[in-house]
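This is what each chain is made of:
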Amino acid sequence: MNNFYKKLIIDLVDTPKSFALLIIVLIALVIVLDAITSVAKKKRLKTGLKESGIFETAFGSKPLPVKTYVSDMQGLSGRPDGLISENGFIIPIERKAFSKKVRDRYIAQLLVYMRLVEEFEGKKPPYGYLVLGKKNRLVKIYNNDDKQAWLSGLLGEMKSFVNESVDVKATPHKNKCKKCIVREDCEFREG
Ligand code: SF4
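Computed from a predicted structure; not experimentally measured. (Residues numbered from 1 in each chain as written. Predicted model: local features only at pLDDT ≥ 70, side-chain atom pairs only at ≥ 80, totals over all residues.)

Draft legend 1. The arrangement of the nonpolar core in detail. Counting 19 residues, the largest nonpolar core has Ile91, Ile93, Leu110, Tyr113, Leu116 and Leu130 as the members making the most contacts within it. Those elements giving two or more residues to this core turn out to be β3 (82-86), β4 (89-96), α5 (104-121) and β5 (127-132). Residues in contact with leucine 130, not counting those within four places in the same chain, are Glu94, Lys96, Val102, Tyr106, Leu110, Val139 and Ile141. (Core = buried A, V, L, I, M, F, W, Y, C linked by C-beta atoms within 7 Å. Buried ≥ 20, exposed ≤ 12 C-beta atoms within 10 Å, placed from the backbone. Helix = DSSP H or I, 4+ residues; strand = E, 2+ residues; numbered from the N terminus. Contact = placed C-beta atoms within 7 Å.)

Shown next as structure tokens:
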């Protein structure tokens, strides 16, 4: 497995080598993404920032109620940090309060949300927003065929790792392990 995918999987789920956990990741990819999001949300609460305030500030409008989307058809589920109505579309928002950089895994997460919004809201969002860092920098991520093809490739390759029983090795690090959602069950954890 190349380093990109190792890093993507590890960053998405802090995954252990456990094949069973990897299956869980692939069956319900965004459930895991939600777990990461919930860790980030706890951190956000510690900073005293409220999402609604952020979105009102950033977009000049009140957010729509956030939903959890579960798609059996796509084998995906997820809960964006925010949803807004803009230019006649429902637009998903993902906030990464502790990152200033746009990373591929953030884009992949947002593209998954755009797929889910399209299925459940009946209209394809032409873009979504990443809200980065403490200054809430807005980055518009366009939802075009090239990006969705890229996402399909990622998901397909991840599934192939499962189908081919590729061994995924843990890369423990005490800082990462400290906040890992599966640390209690991981024999490789550090710290
Ligand atoms: S506890 Fe550490 S080694 Fe184990 S899965 Fe989590 S981050 Fe990886």
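Draft legend 2. Highlighting the confidence of the model for the protein. Across the protein, the average pLDDT comes to 77, with 66% of residues at or above 70. Counting contacts from residues 44-50, a segment whose pLDDT is below 50, to residues more than four positions away or on other chains yields four contacts. (pLDDT = per-residue confidence, 0-100.)

Draft legend 3. Broad picture of the sheet that holds strand β6 (residues 137-142). Taken together, the four strands give an open sheet; going across it, the order is β3-β4-β5-β6, and neighbouring strands pair in mixed fashion. Each edge of the open sheet is held by one strand with a lone partner, namely β3 and β6. Put simply, the sheet's adjacent strands are angled 30° from each other on average, direction ignored. Bridging between β5 and β6 involves six bridges; their strand directions are antiparallel. Its bridge partner lying in β6, glycine 128 is registered against isoleucine 141. Together, β4, β5 and β6 form the strand contacts of α5, whose direction differs from that of β4 by roughly 155°. (Pairing = 2+ DSSP bridges. Axes fitted to C-alpha atoms, helices over the stretch in contact; angles between N-to-C directions.)

Draft legend 4. Broad picture of the environment of valine 117. If you trace the backbone, valine 117 turns up in helix α5. In this structure valine 117 comes out as buried when scored by C-beta crowding, with 24 C-beta atoms within 10 Å. Taking the C-alpha atoms as reference, valine 117 lies 7.3 Å from isoleucine 90; in sequence the two are 27 residues apart. The contacts of valine 117, once residues within four sequence positions are left out, are Ile90, Pro92 and Pro125.

Draft legend 5. Molecular detail of unusual backbone geometry. Backbone geometry at asparagine 87 places phi at a positive 55°, although glycine is not the residue there. With 8 C-beta atoms packed within 10 Å, asparagine 87 lands in the exposed category. The backbone of asparagine 136 shows a phi angle near 55°, a positive value even though the residue is not glycine. With respect to the secondary-structure elements, asparagine 136 resides in the loop between β5 and β6.

Draft legend 6. Layout of the pairing of β5. With five of its six residues buried, β5 lies for the most part within the structure. Here β4 runs beside β5; their pairing, made up of four bridges, is parallel. What sits directly across from lysine 96, in β5, is leucine 132. The parallel pair β4 and β5, bridged by α5, forms a crossover whose chirality is right-handed. (Right-handed = clockwise from strand over helix to strand, strands pointing away.)

Draft legend 7. Examining the pairing of β4 more closely. By the criterion of burial, β4 is predominantly enclosed, with seven of the eight residues buried. Two elements, β3 and β4, share five bridges in a ladder whose sense is antiparallel. Pairing of glycine 82 across the sheet is with isoleucine 93, part of β4. Count of turn residues in the β3/β4 antiparallel hairpin: two residues, of which asparagine 87 carries a positive phi of about 55°.

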